[in-house]
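# Report on the structure
What follows is each chain in one-letter form.
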Amino acid sequence: MITDHYEFDVGILVNTAQSALERAGVNAHDAALVADALVTADRRGIYSHGLMRLPLYVSALESGGMNPRPEMKWRREQGAVAILEADSALGQVAMQEAVGHVKTLAEKYGIGCVAVEHSTHYGAGNYWTDQLAQAGLASLLTSTTGPRVTPFGGRDPILGTNPLTMAFPSLTNHALTADMATSAGAYGKVMAARNAGYAIPKGWAVDPDGDETTDPDSAISGAFLPMGGHKGSALSVMLEAFAASLTHANFAYETTDIWSNPAHKMNTGHLVIALNPELFTGVTDTKKRISGLQERVRAAGHGVQAPGDIEAGLFEASRDRVALSRDTYAQIEQMCGHLGVVPPVPHEKS
C-alpha cells in the first residue's frame, strides 16, 4: 500500500506513458499497449511493475538495451510449439505476440507452448494470463530476469527473481490467479523501498558478505533470498531452466540487467503454456469447478481470499483514479522534462 502518494486520472497516466514511449521511438500501437500494461499494474497494486518502470524503459530505449522498433520473427513453429525471436523488443510487445500465438495453438491442439528469446522485462505476469483466461484458457507463464537471487545457503546472485504466474478461467468476474516472484521479495519492491527511504523486511536479502540485511542498498549490492528456503530455491532454479534452456535466452548469471546498464541487451527468456479446457471436460465445467474452488477457499475463515482477489478488488476500485508514490511521480516528472512531454497533474496530495 502507498501511504505517501498523489492521485491521478487513469486516462491521463496512460496518455502520459504512451507519449513518453512514442518520444523514445516506440510506435503508437506498441506504446499504447505498454502504457496500458504499466498503469494496469499500478491499478492492481503491483506498483513494483507499474509506472515506476517507465523511466527505466525510456532510458533503455534511448541507450540501446531495448529496441523501440523490433523486427520480431518466429524462429520455429512445429505443432503446438513455437519460438519467438523478439529482437530486444519491449517485453510487453513480445508477450502480446506470444500470447496471441499460444491462444491459437491451444485452441487448435488443446495445448500451446511458446518460448521467447532476446526479449526484455514484460511487466506484471497477470496482464498476460488474464487475456488467456478471458479466452477460456488455463495458463502458466515464467521468465528469466537479471541476476538477483542467491540459491539456498548461498551468497552470490546467480538466479533471477524468476516470476511465476498461473491462471484458470472462472465463472466469477476474475480468474483464479497466482502471480509472484520466487524471490522472497520482488526486485521492484526493493527498488521502491530504496527510493522511498524504507527498510525491507527481514528474510528478503543478504549483503555482499552473506549477512542478512534490511537495507535496500545492501540488498541490491548483495543478493536476494529465495522464498520458502530450499523449496523456493529449487522452484527458482527450475523456472530458470524452463524460461531459458529451451531457447538461446540467457540464464540470469549470464545477464547484465538494464537496472545496472540500460544499454545492455538482456536476452530475457519467457515461456508461456496454455491449456484449452474444452478438450478436457469442457470450458463451462472447468469454469464452474474453479468458481466453486474460489468460493470454498474464501469460506475457509473470516477474511480469507482466493488467489487474485486482492488485485481484482484494487483494480475495480481504481477505475477512475490511481495512486503513485511521490518518488515515482518525481521520476516521471523528470523523465517528462527530458522528453518534452507534459507531466500528469495530480488530483490531490496525501
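The protein chain goes by L-2-hydroxycarboxylate dehydrogenase (NAD+) in an unreviewed UniProt entry, where it is assigned to Spelaeicoccus albus. Regarding the protein chain, the relevant UniProt record gives this comment under Sequence similarities (unreviewed entry): "Belongs to the LDH2/MDH2 oxidoreductase family."

So, on to the layout of surface pockets. Each pocket or cavity is described by its volume, and for the second largest pocket that value is around 480 Å³. Looking at the second largest pocket, it is lined by 20 residues, and the ones nearest its centre are Arg-44, Asp-130, Gln-134, Asn-173 and His-174. Among the elements of the structure, α5 (126-134) and α10 (309-317) are those that each provide at least two residues to the lining of the second largest pocket. Ranked by residues supplied to the lining of the second largest pocket, first place goes to α5 with six residues. For the lining of the second largest pocket, the class distribution of residues is six nonpolar, nine polar and five charged.

Right, let's get into the environment of Val-34. In this fold, Val-34 is placed in helix α2 (residues 28-43). In this structure the C-alpha to C-alpha distance between Val-34 and Gln-18, which are 16 residues apart in sequence, comes to 7.5 Å. Those residues in contact with Val-34 that sit more than four places away from it in its chain are Leu-21, Tyr-57, Leu-90, Gln-92 and Val-93.

Moving on, we get to the domain arrangement of the protein chain. Each assigned domain of the protein chain is listed here: domain 1 (1-63 + 320-349) and domain 2 (70-183 + 226-308). When each unit is reduced to the centre of its C-alpha atoms, the spacing between domain 1 and domain 2 is 24 Å. Taken together, the 20 residues of domain 1 in the interface contact 16 residues of domain 2. Approximately 1700 Å² of surface area, both sides summed, lies buried where domain 1 meets domain 2, with 69% of it carried by carbon and sulfur atoms. Per-residue buried area on domain 1 facing domain 2 is highest for Leu-33, Leu-56 and Tyr-57; these three make up 31% of the total on that side. At the boundary of domain 1 with domain 2, the tally comes to one salt bridge.

So, on to the pairing of strand β3 (residues 81-85). With four of five residues buried, β3 lies mostly within the body of the structure. Alignment of strand β2 (residues 73-78) against β3, held across five bridges, turns out to be antiparallel. The partner of Gln-78 across the bridge, within β3, is Val-81. Once β2 ends, the chain turns through two residues before running back antiparallel as β3, passing Gly-79 with a positive phi of about 60°. As judged from the five bridges shared by β3 and strand β4 (residues 111-119), these two strands associate in the parallel manner. The residue bridging Ala-82 from the neighbouring strand is Val-114, located in β4. Handedness of the β-α-β unit built from β3, helix α4 (residues 91-109) and β4 comes out right-handed.

Our focus in this paragraph is the packing of α4 against α5. α5 packs onto α4 with a crossing angle of 25° between their chain directions and a minimal axis gap of 10 Å. Considering the angle they form, α4 stands roughly parallel to α5. The interaxial crossing formed by α4 with α5 has right-handed handedness. Seen from α4, the contacting residues are Gln-92, Met-95, Gln-96, Val-99, Val-102 and Lys-103; seen from α5, they are Tyr-127, Trp-128, Gln-131 and Leu-132.

Cut-offs applied
- Residues numbered from 1 in each chain as written.
- Predicted model: local features only at pLDDT ≥ 70, side-chain atom pairs only at ≥ 80, totals over all residues.
- Heavy atoms only, no water.
- UniProt positions renumbered as here; feature names shortened; annotations may be inferred.
- 1 Å grid on protein atoms, 1.4 Å probe; cavity = no way out; pocket = protein on both sides within 12 Å on 5 of 7 lines; lining within 4 Å.
- Points joined across faces, edges and corners; volume = space filled by probe spheres on them.
- Helix = DSSP H or I, 4+ residues; strand = E, 2+ residues; numbered from the N terminus.
- Nonpolar A, V, L, I, M, F, W, Y, C, P; charged D, E, K, R; others polar.
- Contact = heavy atoms within 4.5 Å.
- Domains from an automatic or database assignment.
- Buried area = accessible area lost by both parts, 1.4 Å probe.
- Salt bridge = Lys/Arg side-chain N within 4 Å of Asp/Glu carboxyl O.
- Buried < 20%, exposed > 50% of the residue type's maximum accessible area, 1.4 Å probe, protein only.
- Pairing = 2+ DSSP bridges.
- Right-handed = clockwise from strand over helix to strand, strands pointing away.
- Axes fitted to C-alpha atoms, helices over the stretch in contact; angles between N-to-C directions.
- Parallel < 35°, antiparallel > 145°, perpendicular 65-115°, else oblique.
- Left-handed = near helix turned anticlockwise from the far one by under 90°.

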